[in-house]
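Structural characterization, general
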Amino acid sequence: LEIQDEEFVLICGESGCGKTTMLNIIGGLDRYTSGDLVINGKSTKQFKDKDWDTYRNHSVGFVFQSYALFRYMTVYDNIAFGLKLKKLSKDEIKKKVKHVLSIVDLEGFENRKISTLSGGQQQRIAIARALVNEPEILMLDEPLGALDLKMRKEMQLELKNMHDRLGITFIYVTHDQEEALTMSDKIVVLSEGKIQQIGTPEDIY
């Protein structure tokens, strides 16, 4: 499988086929035991644990189905969490948080508690938290799975528009065939840990 800069790649298949495992390997959360993962022309076989952490922290953003937000923190503190760990200045953090809130169309929500937000709003905050670190790759693991049908449709369009605006690589996992056909540049069909097909939505259809 080859993934190009700025591509929107969608990995689909039935439950247990290896979608999330593939995502975690590309994102550096799991280590692979055979084959190779090559990033920007360099094999990652030589990565030591410290190098993995550096790659993951600077190059990859994750959005999970559960969102993994801190429910009783404010929106601002959730998004700023990783930036504070990096010890950026307060002014720089404020500027970056404000910028990503404008990207996900939630300006003015800084002081709201996560527990008061709708599912769609929480999903946008999870995306903002991933984007604030300016990743080269955004990994999305069934991020719309917890939303109702109407909200899913709206967020599919929103994510597609966001990808077009941001110009970064999206790698997106789903088992929803319609989602796969409407959102991506390239679809990867997995079954039992093996790639069955790779192609454009038109090819796969």
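Just above sits the structure.
This report concerns the structure included in the present document. Quick caveat: nothing in here was measured; it's all calculated off a predicted structure. Every chain's residues receive numbers from 1 upward, in the order its sequence appears when written. Only residues with pLDDT of at least 70 get local features here, since the model is predicted, and only at 80 or more are side-chain atom pairs given and counted; chain-wide, interface and lining totals rely on the full set of residues. Side-chain metrics rest on all non-hydrogen atoms present in the structure, leaving aside hydrogens and water.

Considering the sheet that holds strand 1 (residues 8–12)
We count it as follows: For two strands to be treated as a pair, DSSP must find no fewer than two bridges joining them. Only DSSP runs of H or I covering at least 4 residues are called helices, and only runs of E covering at least 2 are called strands; the numbering of each starts at the N terminus. Interaxial angle, 0 to 180 degrees, is taken between N-to-C directions of lines fitted to C-alpha atoms, where a helix line uses only the stretch in contact.
Spatial ordering of the open sheet is given by 4-5-6-1-7-8, a layout of six strands whose pairing is mixed. The open sheet has two edge strands, strand 4 (60–64) and strand 8 (194–199), and neither has a second partner. Strand after strand, the sheet turns through a mean of 15 degrees between neighbouring axes, direction not considered. Bridge count between strand 4 and strand 5 (residues 137–141): five bridges; the pairing is parallel.

Focus: the pattern of salt bridges
To keep things clear, this is the line we draw: A side-chain nitrogen of Lys or Arg and a carboxyl oxygen of Asp or Glu constitute a salt bridge if their distance falls within 4 Å. Here the term buried applies to any residue with accessible area under 20% of the maximum for its type, exposed to any over 50%, and partly exposed to those in between, with areas from a 1.4 Å probe on protein chains only.
Under the definition given, this model contains eight salt bridges. Here Glu 178 ties to Lys 153 by a salt bridge, and the two come within 2.4 Å at their closest N and O atoms. With Glu 178 in helix 7 (residues 177–183) and Lys 153 in helix 6 (residues 149–166), the pair connects residues that are 25 residues apart, well separated along the chain. With relative accessibility at 41%, the residue Glu 178 sits in the partly exposed group. When its relative accessible area of 31% is taken as the criterion, Lys 153 is described as partly exposed. Residue Asp 185 pairs with Lys 160 through a salt bridge whose shortest N-O separation is 3.6 Å. You can see Asp 185 sitting in the loop between helix 7 and strand 7 (186–191) and its partner Lys 160 sitting in helix 6, a full 25 residues away along the chain. A network of salt bridges, in which partner residues are shared, links Arg 152, Asp 176 and Glu 179.

Some remarks on the nonpolar core
Here is the rule: Only buried residues count toward a nonpolar core, which is a set of Ala, Val, Leu, Ile, Met, Phe, Trp, Tyr and Cys residues joined through side-chain atoms within 4.5 Å. Throughout, a contact is declared for two residues whenever any of their heavy atoms are within 4.5 Å.
Counting 41 residues, the largest nonpolar core has Ile 79 and Ile 125 as its most contacted members. When sequence neighbours within four positions are dropped, the list of residues in contact with Ile 79 reads Val 97, Val 100, Leu 101, Ile 125, Ala 128, Arg 129 and Val 132. Ranked by size, the runner-up nonpolar core spans 18 residues in total, among them Ile 11, Met 139, Ile 171 and Leu 190.

Focus on the packing of aromatic side chains
Worth spelling out the cut-off: Centres within 6.5 Å make a pair out of two Phe, Tyr or Trp rings, where for Trp the six-membered ring is used; the pair is then stacked when the planes are under 30 degrees apart, edge-to-face when over 60, and tilted otherwise.
This structure, assessed with the given rule, holds four aromatic pairs. For the ring pair Phe 8 and Phe 170, a centre distance of 5.3 Å and an interplane angle of 45 degrees mean the geometry is tilted. Taken as a pair, Phe 8 in strand 1 and Phe 170 in strand 6 (residues 169–174) lie far apart in primary sequence, 162 residues in all. Look at Phe 62 and Phe 64: their rings are 5.4 Å apart centre to centre, the planes differ by 5 degrees, and that puts the pair in the stacked class. Here Phe 62 falls in the buried class, since its relative accessible area comes to 16%. On the accessibility criterion, Phe 64 (29% relative accessible area) is partly exposed. An aromatic cluster of three or more residues is present, and its members are Phe 8, Phe 170 and Tyr 172.

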